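Structure at a glance
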Amino acid sequence: MDFAKGIVERLRLPGVSTARLAASPATHVAAYVPEMKGSPASVKIYERRKMSQGDEVARRSFYKSSSAQLLWNIGSTGLLVLAQSDVDKSNQSYYGEARLHYLRSDGSYEGLVPLSKDGPVHDVQWSPTGREFLAVYGFMPSRATLYDDRCRVIHNFKSGPYNTIRWNPHGRFFCLAGFGTLPGDMAFWDRTDLSCLGSTRAECTVTCEWSSDGRYILAATTAPRLRVDNGIKIFKYNGSLYYEKKYDKLFQAEWRPAAVGFYEDRPASPQVSGEKNKEKGGKTELLTEKSAAAAKTTAYMAPHAKAAAAVRAQLLGEETSSSAVSKSALKNKKRREKQKEKKDAEDATVALTEDISTLGNQMGALSATVDSNTGDETTKRLRALYKKIRQIEEIKQKVSDGDGNYSTNPAQREKLQQESAIREEIRALEAQN
């Protein structure tokens, strides 16, 4: 750059709100003018060296747009325009409406990018090669689609909880991720054969970037966006965790930059290539941490070694792998205990009901055997005692059905204390008869 020359080109464009100079090479300039007084919004591309003449080489006009992002590719041949409006007239989204437009800098093409699912455009990124781009769009679960530089669909990926795209510096690998309000799923893909190398999860991620060599990706949780669980995680290009560190408070985390071309483009390692899970029949089986853990097998241990380990653990109070109880086993154990307690309570309720029924039958039998005209004092006393026993059993049943929430009053507690004495008196009177 030679700043001594001062201003070499000047362009007057009324109402312009966004402008972007192309990079690698800087041959064109794009400018965006939002809707104004009923006229549509527009994007114009100018050749940098002839910008003062005011003749655009490409142009596109459209409605439903109050702001826009301009994204040039490497090579300055294509421009993506992510146009957004503050209001969605279809009432499908609270955050407004988004549309994705595409223009060629030579004017050979301009139009909408064909999206196969309704909803917002979450992210769109050019490949570092400049020959293709990825877009993640649609209501959740969102869809990811790969396009060429003529805006033709190359491949549709399986829907998932994604809103972020990250290409590695060479354009060989890319990551589809879901951050922010999403749980942090990350899927890693190989562009050469469109195979999934693996997947992982990085919760509460704020920033995510590839290393300069394109073999590792950094996921960081930083303040002030989040003031808890600050730290970094470094994953390999296949999703396996390589390094993790926690911080009390972390404000920024970035890779040390390197010059373009300092690291050569390397394909996936053979052992990783053999573990790729290709899409078949529209379904993708991702390599997850759970499946990797399930694939692991425990080392063989001879029977006498197991016995020695058990004795050692018993003496030292240690826990062997055989005695370790999994979370699911503990959960099943607690469920069985609750079911047993419930069954015992039901059995106790049935027993109390049977006792009350038996007492009722006994009283009925007693009433049937005693003449109604007799004034036998013993019979009258037995009737009164049986009535008290029935009241005591009813109190017991209420206490049992209440699961500890039923409280007895002083009179009921006094009756419960007299139960043994009442039963003893009943046995004595029955013996006399």
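An unreviewed UniProt entry annotates the protein chain as Eukaryotic translation initiation factor 2A originating from Ceratopteris richardii. According to the UniProt record, the Sequence similarities (unreviewed entry) comment for the protein chain is "Belongs to the WD repeat EIF2A family."

Focus: the packing of aromatic side chains
Applying the stated criterion across every chain yields a total of 12 aromatic pairs. Arranged with centres 4.9 Å apart and planes meeting at 70 degrees, the rings of Phe157 and Trp189 form a pair that is edge-to-face. Residue Phe157 is found in the loop between β12 (153–156) and β13 (164–167), and its partner Trp189 is found in strand β15 (residues 185–190); the two are separated by 32 residues along the sequence. We note that Phe157, like Trp189, is buried. An aromatic cluster of three or more residues is present, and its members are Tyr102, Tyr109, Trp126, Phe133 and Tyr147.

Comments concerning a positive patch on the surface
Taken together, the side chains of Lys331, Lys333, Arg335 and Arg336 define a basic patch exposed on the protein surface. Looking at where Arg336 falls in the secondary structure, it is placed in helix α4 (residues 327–369).

Quick word on the packing of helix α5 (residues 377–401) against helix α7 (residues 419–432)
Remark: α5 packs on α7, axes separated minimally by 10 Å, with the N-to-C direction vectors making an angle of 145 degrees. Between α5 and α7 the crossing geometry is left-handed. Contacts from Thr378, Arg381, Leu382, Leu385, Tyr386, Lys388, Ile389, Ile392, Glu393 and Lys396 in α5 reach Glu419, Ile422, Arg423, Glu425, Ile426, Leu429 and Glu430 in α7. Of the residues assigned to the contact of α5 with α7, the class counts are eight nonpolar, one polar and eight charged.

Some points on the confidence of the model for the protein chain
Chain-level pLDDT for the protein chain is 81 on average; 78% of the residues reach the 70-or-more range. Across residues 273–297, confidence stays below pLDDT 50; counting only partners more than four residues off in sequence or on other chains, it has 36 contacts. This model gives residues 370–375 a pLDDT under 50, and the stretch forms two contacts once residues within four places in sequence are excluded.

Let's talk about the pattern of salt bridges
Applying the stated criterion to the full structure yields 15 salt bridges. The partner of Asp149 in a salt bridge is Arg104, with the nearest N and O atoms 3.9 Å apart. Here Asp149 is found in the loop between β11 (143–148) and β12, whereas its partner Arg104 is found in strand β7 (residues 97–104), with 45 residues between them in sequence. Asp149 sits in the partly exposed class, given a relative accessible area of 22%. The closest approach of N and O atoms between Glu425 and Arg381, which form a salt bridge, is 2.8 Å. Remark: Arg381 occurs in helix α5 and Glu425 occurs in helix α7; sequence separation between them is 44 residues. Owing to a relative accessible area of 29%, Glu425 belongs among the partly exposed residues under this scheme. Residue class for Arg381 comes out partly exposed when judged on its relative accessible area of 34%.

Focus: the sheet that holds strand β5 (residues 67–72)
In space, the four strands of this open sheet follow the order β5-β6-β7-β8, with antiparallel pairing throughout. Strand pairing shows two members of the sheet lacking a second neighbour, β5 and β8 (110–112), which therefore form its edges. For this sheet, the mean angle separating the axes of adjacent strands, direction not counted, is 20 degrees. The pairing of β7 with β8 spans three bridges and is antiparallel. Its bridge partner lying in β8, His101 is registered against Leu112.

Some remarks on the pairing of β13
Judged from the four bridges that link them, β13 and strand β14 (residues 173–177) form a sheet pairing that is antiparallel. Residue pairing across strands places Arg166 opposite Cys175, the latter belonging to β14. Between β13 and β14, which pair antiparallel and follow one another directly, the connecting turn spans five residues, one of which, Gly171, has a positive phi of 80 degrees.

Focus on the packing of α5 against helix α6 (residues 410–417)
Between α5 and α6, the shortest axis-to-axis distance is 10 Å and the interhelical angle comes to 115 degrees. Where α5 crosses over α6, the handedness of that crossing is left-handed. Counted together, Gln391, Ile392, Ile395 and Lys396 of α5 and Gln412, Lys415 and Leu416 of α6 form the full contact between these two elements. Its residues assigned to classes, the contact of α5 with α6 shows three nonpolar, two polar and two charged.

Some details on the sheet that holds β12
The sheet built from four strands is open, its strands ordered β9-β10-β11-β12 with antiparallel pairing. At either margin of the open sheet sits one strand with a lone partner, and together these are β9 (121–126) and β12. Going across the sheet, the axis of each strand differs from the next one's by a mean of 20 degrees, ignoring polarity.

Some remarks on the environment of Ile392
Mapping Ile392 onto the fold places it in helix α5. Sequence separation between Ile392 and Arg413 is 21 residues; the distance between their C-alpha atoms is 9.3 Å. When neighbours within four sequence positions are excluded, Ile392 is seen to be in contact with Lys415, Leu416, Glu419 and Ile422.

Describing the layout of surface pockets
Estimates place the volume of the largest pocket at around 640 Å³. Contributing to the lining of the largest pocket are 28 residues, with Ile74, Pro128, Trp167, Asn168 and Pro169 lying nearest its centre. A breakdown of the residues in the lining of the largest pocket according to their chemical character gives 17 nonpolar, eight polar and three charged.

What counts, and at which threshold
- Residues numbered from 1 in each chain as written.
- Predicted model: local features only at pLDDT ≥ 70, side-chain atom pairs only at ≥ 80, totals over all residues.
- Heavy atoms only, no water.
- UniProt positions renumbered as here; feature names shortened; annotations may be inferred.
- Phe/Tyr/Trp six-rings, centres within 6.5 Å; stacked < 30°, edge-to-face > 60°.
- Helix = DSSP H or I, 4+ residues; strand = E, 2+ residues; numbered from the N terminus.
- Buried < 20%, exposed > 50% of the residue type's maximum accessible area, 1.4 Å probe, protein only.
- Patch = residues over 30% accessible without salt bridge, like charges linked within 9 Å, V, L, I, M, F, W, Y side chains within 5 Å.
- Areas by Shrake-Rupley, 256 points an atom, 1.4 Å probe, with all protein chains shown as cover.
- Salt bridge = Lys/Arg side-chain N within 4 Å of Asp/Glu carboxyl O.
- Lys, Arg positive; Asp, Glu negative; His and termini not counted.
- Charge placed at Lys NZ, Arg CZ, Asp CG, Glu CD.
- Axes fitted to C-alpha atoms, helices over the stretch in contact; angles between N-to-C directions.
- Left-handed = near helix turned anticlockwise from the far one by under 90°.
- Contact = heavy atoms within 4.5 Å.
- Nonpolar A, V, L, I, M, F, W, Y, C, P; charged D, E, K, R; others polar.
- pLDDT = per-residue confidence, 0-100.
- Pairing = 2+ DSSP bridges.
- 1 Å grid on protein atoms, 1.4 Å probe; cavity = no way out; pocket = protein on both sides within 12 Å on 5 of 7 lines; lining within 4 Å.
- Points joined across faces, edges and corners; volume = space filled by probe spheres on them.

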